[in-house]
Amino acid sequence: CLCAKLVTARLMARAIAAMLATIGESRHSRLAAMSDVITQIYNAVDPFRPLEPGDPAYVDCEAERGDANILLDLGPAITRSERYTCQLYAGHRGAGKSTELLRLKADLETKGCHVVYFAAVGEDGDIDPQDVQYTDILLACTRHLLEDLKMADPTPLISWFKERGRELNAIGQTKIVMESLDVSLLASQFAEMTASIRAVPSQRQKIRDLVNPHTITLVKALNEFIADANSKLPPDKNQLVVIADNLDRIVPIHDEYGRSNHDEIFLDRSEQLQGLDCHMVYTVPISMVYSNRANDLKEIYGNPELLPMVMVQTPKGQLHEPGFAKMQEILLRRIRPFMSQVSLGSDVFENEDVVKQLCIASGGHVRELLLLMKEAMNRANDLPIPTRAVRRAIAETRDTYRRTVEKEQWAVLAQVAQDRSIDNDEDHRDLLFRRCLMEYRFFDKDDVLQCWYDAHPLIKGIPEFKEAQAQLKP
């Protein structure tokens with residue numbers, strides 16, 4: 001009996017040990033699986049990656065953006081016009097313009113257009129947003145046309161480049177033998193020039209000084225190249241379109257007379273921007289659309305199309321449920337591939353109130369929403385994300401805005417938050433450019449478009465803003 005009891009005890013001990021090991025392995029597997037899910041979601045909410053056309057994560061926010069629809073706002077002018085068009089597209093940085101422009105590209109391609117799209121400013125861009133001149137944009141256009149239209153005869157551009165070759169060699173720009181240039185090598189040379197302009201300040205002005213006197217001949221050579229490309233496009237492609245994205249990121253710099261580099265690029269050089277024999281779409285800084293040169297822009301390019309924020313609150317400060325639902329859907333569309341049955345208010349965050357707080361804090365700005373989500377995830381080891389992590393993300397982002405606003409601008413922000421309108425002056429344009437002021441649009445019951453403005457929701461929690469608000473007359 002004693003032996004039997006000892007054997008039984010040993011067997012039970014082994015069974016318990018095996019069970020505990022199984023539980024430990026199961027728990028470890030669940031933790032590892034959850035860690036993988038968190039990593040996948042973290043990368044899915046990347047705020048700096050525009051969505052490709054057809055991406056299931058795309059959310060149609062047209063109704064909550066004042067019926068803004070790029071396919072109707074820019075597309076028909078290209079497909080119906082008997083002449084080449086040049087259009088401007090504006091909006092707050094990070095509002096989703098690149099995603100919309102890629103949708104436009106895909107739509108135009110189904111309607112007989114060959115579209116050359118490039119992000120002029122960005123990680124792989126050609127231009128330094130802190131120091132831009134028209135010449136930089138022209139060289140970037142030339143580079144991308146050469147890279148995309150390799151079936152065209154590059155002879156006119158080769159001739160232009162050879163004439164500049166000796167000077168380029170003198171400033172260390174090119175070491176290849178000029179006689180061996182073909183379309184691919186020529187494209188690489190223009191890429192080298194744009195890279196130097198972007199990354200090497202000591203070379204930047206030298207290259208501009210060399211190219212500036214010859215931009216007219218460069219445009220002429222480029223148009224000959226485009227004409228040959230048009231003759232060799234496939235039968236189903238009868239129009240060439242160039243989309244230069246991210247130019248809205250160009251930082252405004254004013255000279256001693258008060259004129260900005262934006263004026264120099266989009267107004268003084270408008271003939272050259274419009275000079276290519278193809279349809280052009282340029283993004284433009286939102287601050288310029290609200291400058292005293294807005295009417296000049298309209299006379300030259302037509303009315304710039306603008307992508308406003310998603311309206312998550314009404315002008316009276318109440319929650320706008322349809323816009324709030326869109327912001328939730330933006331998060332859900334990116335999370336569901338990794339958590340099919342998911343509730344934001346229980347599976348991803350601790351409760352519904354935190355979800356509401358996050359969406360309102362974004363101000364209807366898509367990139368801001370995704371940035372806040374990533375920052376909160378950085379402070380969470382598991383799901384649901386703790387309320388404290390979300391509040392810390394909001395607090396740190398709010399502090400960034402606090403450092404962005406200059407002392408005399410708090411009163412401007414408080415006034416806009418009270419009146420829901422802006423003035424046409426430098427302070428308001430600067431705050432629009434830096435996303436401290438946000439624009440919203442909607443159609444009222446009489447189908448009249450209403451535009452209104454507000455301080456960024458995160459700014460409203462800053463003590464300096466509250467102090468400025470308290471000093472306002474009712």
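See the structure above.
Residues numbered from 1 in each chain as written. Predicted model: local features only at pLDDT ≥ 70, side-chain atom pairs only at ≥ 80, totals over all residues. Heavy atoms only, no water.

### Topic: the overall build of the chain
Here's step 1: The helix and strand inventory of the chain stands at 21 helices and seven strands.
Here's step 2: Its C-alpha atoms put the chain at 105 × 70 × 45 Å along the principal axes.
Here's step 3: In the chain, of all internal contacts separated by at least 6 residues, the share reaching a separation of at least 24 is 73%.
Here's step 4: In the form shown here, the chain has an accessible surface area of approximately 22600 Å², with 50% of it arising from carbon and sulfur atoms.
Here's step 5: Taking the average location of the 57 positive side-chain charges in the chain and that of its 70 negative ones, the two points are 7 Å from each other. (Helix = DSSP H or I, 4+ residues; strand = E, 2+ residues; numbered from the N terminus. Contact = heavy atoms within 4.5 Å. Areas by Shrake-Rupley, 256 points an atom, 1.4 Å probe, with all protein chains shown as cover. Lys, Arg positive; Asp, Glu negative; His and termini not counted. Charge placed at Lys NZ, Arg CZ, Asp CG, Glu CD.)

### Digging into the packing of aromatic side chains
Here's step 1: Counted by the stated rule, this structure contains four aromatic pairs.
Here's step 2: Between Phe161 and Phe190, the ring centres sit 5.6 Å apart and the planes meet at 50°, which makes this aromatic pair tilted. Taken as a pair, Phe161 in helix H6 (residues 155-170) and Phe190 in helix H7 (residues 183-199) lie far apart in primary sequence, 29 residues in all.
Here's step 3: Judged by its relative accessible area of 0%, Phe190 falls in the buried class.
Here's step 4: Centre to centre, the rings of Tyr440 and Trp452 are 4.7 Å apart; their planes meet at 25°, and the pair counts as stacked. Of the two residues, Tyr440 is situated in strand S6 (residues 437-443) and Trp452 in strand S7 (residues 449-455); the sequence distance between them amounts to twelve residues. Of the two residues, Tyr440 and Trp452, neither departs from the other in class, the shared state being buried.
Here's step 5: Over the aromatic face of Phe433 sits the side chain of Arg93, whose NZ or CZ is 4.5 Å from the ring centroid.
Here's step 6: Looking at Arg164, its charged tip hangs above the ring of Trp160, at a distance of 5.3 Å from the centre. (Phe/Tyr/Trp six-rings, centres within 6.5 Å; stacked < 30°, edge-to-face > 60°. Buried < 20%, exposed > 50% of the residue type's maximum accessible area, 1.4 Å probe, protein only. Lys NZ or Arg CZ within 6 Å of the ring centre and 35° of its normal.)

### Structural notes on empty space enclosed by the protein
Here's step 1: Counted by the stated rule, this structure contains two cavities of 30 Å³ or more.
Here's step 2: The wall of the largest cavity is formed by Val312, Gln313, Thr314, Gly363, Tyr440, Trp452, Asp454, Ala455 and Pro457.
Here's step 3: Broken down by class, the residue content of the lining of the largest cavity amounts to five nonpolar, three polar and one charged.
Here's step 4: There is about 40 Å³ of room inside the second largest cavity.
Here's step 5: Broken down by secondary-structure element, the contributors of at least two residues to the lining of the second largest cavity are helix H5 (134-148) and helix H11 (270-273).
Here's step 6: In terms of residue count, H5 provides more of the lining of the second largest cavity than any other element does, four residues in total.
Here's step 7: Grouping the amino acids of the lining of the second largest cavity by side-chain chemistry returns seven nonpolar, one polar and no charged. (1 Å grid on protein atoms, 1.4 Å probe; cavity = no way out; pocket = protein on both sides within 12 Å on 5 of 7 lines; lining within 4 Å. Points joined across faces, edges and corners; volume = space filled by probe spheres on them. Nonpolar A, V, L, I, M, F, W, Y, C, P; charged D, E, K, R; others polar.)

### Re the sheet that holds strand S5 (residues 305-307)
Here's step 1: In space, the five strands of this open sheet follow the order S2-S3-S4-S1-S5, with parallel pairing throughout. Every other strand in the sheet has two partners, leaving strand S2 (113-119) and S5 as the edge strands with one partner each. Direction aside, neighbouring strands of the sheet carry axes that sit 20° apart on average.
Here's step 2: Here strand S1 (residues 86-91) pairs with S5 via three bridges, running parallel. Across the sheet, Ala90 pairs through a bridge with Leu306, a residue of S5. (Pairing = 2+ DSSP bridges. Axes fitted to C-alpha atoms, helices over the stretch in contact; angles between N-to-C directions.)

### Comments concerning the layout of surface pockets
Here's step 1: A volume near 860 Å³ is recorded for the largest pocket.
Here's step 2: Along its surface, the largest pocket is lined by 43 residues, and Arg49, Pro50, Leu51, Ser98 and Thr99 are the ones closest to its centre.
Here's step 3: When residues of the lining of the largest pocket are traced back to their parent elements, those giving at least two are helix H4 (97-109), S2, helix H14 (321-335) and helix H17 (366-378).
Here's step 4: In terms of residue count, the dominant contributor to the lining of the largest pocket is H4 (six residues).

The values reported here are purely geometric and, on their own, carry no functional implication.
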